[in-house]
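Notes for the structure review
Listed below are the residues making up each chain.
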Amino acid sequence: MPARYDTALISKISKDPNTGFLHAKNVPIARVGVFPYRTVNDDVVMEAKLPTELLSDSTVESAKSKPITDDHPPQLVTADNSKELMKGFTAENAHVDGDMVKVDMTITDADLIKKIGDGKEELSIGFTTEVVPAQGEYQGVHYDSVQKNIQINHVAVVDKGRAGHSVRITGDSAEMVVVKEKGESMETTKVMLDGANVTVAVSDADQVAKSNTDLASLKKQLADAQAKVKDLQAQIEEAQGKADKADKLKKQADEAQAKADAADKQIEELQSKLKIYEGDGLDKMIEAKLALEKDAKPFLGDSYDFKGKTDKEIKIAVIKAIDDSFDAKDKSNDYINAFFDAVKVNKPVTIGANAKPKADAQDPAAEALAARYSLANKRGEN
């Protein structure tokens, strides 16, 4: 497996008053992302450290109790060369924090401690990995291959590391990687800007790095905002569904209440009718019905079928026998009753085509009624 070197800042530094050793707590030594690597042919390729690989239990475990070196040595650190290369060691508390691997560390070499004090503070992991060709994008940055089975061998203190200033001893937030270009007449560097390699003057590299960081931040903000909009839309649709359901339930409740009210009204009417049949109510009802038929028969004749007719229907039939243009629509019961009472005091006559109902001289309503009609009623008796 090829060796790789990535970079990370040292934070929360303290010096042991007895030994002079430098202690740093919760140091980020590696982070997920897409990083440029120079090949043996001096080409630059983009390799991805995906969360499933860098943050795996195996990789995090490999960060425990590992040597710390001053810059990267030309070979991996082993028991055979550790006396010369090892300047300190990582602790046993390597862990995942967000998109980073962090661990405590102790630096024991006096020269390296001084260099750190003078500003040499970025970290870079030395590790072995299987580089698998795979095209894709991570956080908007294109990559050509993926690093798998990452095993950390050592952590180097360097002047500038691959993982950017966010992976350093004291902490910062630069997000870009710079690769020096060979054979250029002016001092330029190749930088990563929005997932693409661009060549800029060295003096502009920091500004481009900040722009790259700002762009990544804006993309994340946009993605977060879009996610919130999608979530709010889902909440609105859910609330609308609940409102529609509530409206449907209310409609069903209103319909049920209307049916209940109608049933109550029907029960009330039936109870009222039942009272008629109690005591002498039935006899009175029969007498009233016979009296009505007796009053109506002179106008309707023997052929009229009273069976099944209501009082109101009989009275309207009598009125129409006098005036066939009479329209009972929208007429109240009181109106029908008064009209019928005015009609029944006049017996129908058969004295000619121009005859009118006879009026009771003592009844003004009857006189007015008699005056309204010009056609004789030829049905019934005088």
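Every value quoted in this text rests on a predicted model; they were computed, and no experiment measured them.

Description of a negative patch on the surface
Among the surface-exposed residues, D261, D264, E268 and E269 lie close enough to one another that they form a single negatively charged patch. In this structure, E268 sits in helix α5 (residues 205-276).

As for helix α4 (residues 110-117)
All of the buried residues along α4 are L112, I113 and I116. For α4, the buried positions fall inside an angular range of 105° around the axis, keeping them on one side. Structural note: α4 exposes A110, D111, K114 and G117 on the side pointing more than 90 degrees away from its buried face. A positive backbone phi angle near 120° is found at G119, which sits one or two residues after α4.

Focus on the confidence of the model for the protein
With 70% of its residues at a pLDDT of 70 or more, the protein shows a mean pLDDT of 77. Here strand β12 (residues 178-180) stands out as the element of the protein with the lowest mean pLDDT, 33, in contrast to strand β7 (residues 88-90), whose mean of 97 is the highest. Throughout residues 161-190 the model reports pLDDT below 50, and contacts reaching past four residues in sequence, or to other chains, amount to 118 contacts. Counting interchain partners and residues more than four positions distant, the pLDDT-below-50 stretch residues 349-382 has 65 contacts.

Thoughts on the pattern of salt bridges
Within this structure, the stated rule accounts for 12 salt bridges. For E61, the salt bridge goes to K64, with nearest N and O atoms at 3.0 Å. According to the relative accessible area criterion, E61 is partly exposed, its value standing at 46%. The partner of D97 in a salt bridge is K102, with the nearest N and O atoms 3.0 Å apart. D97 sits in the partly exposed class, given a relative accessible area of 34%.

A word on the nonpolar core
By size, the foremost hydrophobic cluster in this structure holds 36 residues, and its most contacted members are I29 and M105. Elements with a minimum of two residues in this core: β3 (22-31), β4 (33-38), β5 (44-49), β9 (100-107), α4, β10 (122-138) and β11 (141-158). Ranked by the residues each element gives to this core, the list is headed by β11, at seven residues. Residues A296, F306, I314 and V318 belong to the second largest nonpolar core, which totals 17 residues.

About the cut-offs
Residues numbered from 1 in each chain as written. Predicted model: local features only at pLDDT ≥ 70, side-chain atom pairs only at ≥ 80, totals over all residues. Heavy atoms only, no water. Patch = residues over 30% accessible without salt bridge, like charges linked within 9 Å, V, L, I, M, F, W, Y side chains within 5 Å. Areas by Shrake-Rupley, 256 points an atom, 1.4 Å probe, with all protein chains shown as cover. Salt bridge = Lys/Arg side-chain N within 4 Å of Asp/Glu carboxyl O. Lys, Arg positive; Asp, Glu negative; His and termini not counted. Charge placed at Lys NZ, Arg CZ, Asp CG, Glu CD. Helix = DSSP H or I, 4+ residues; strand = E, 2+ residues; numbered from the N terminus. Buried < 20%, exposed > 50% of the residue type's maximum accessible area, 1.4 Å probe, protein only. Arc of directions from axis to C-beta. pLDDT = per-residue confidence, 0-100. Contact = heavy atoms within 4.5 Å. Core = buried A, V, L, I, M, F, W, Y, C linked by side-chain atoms within 4.5 Å.

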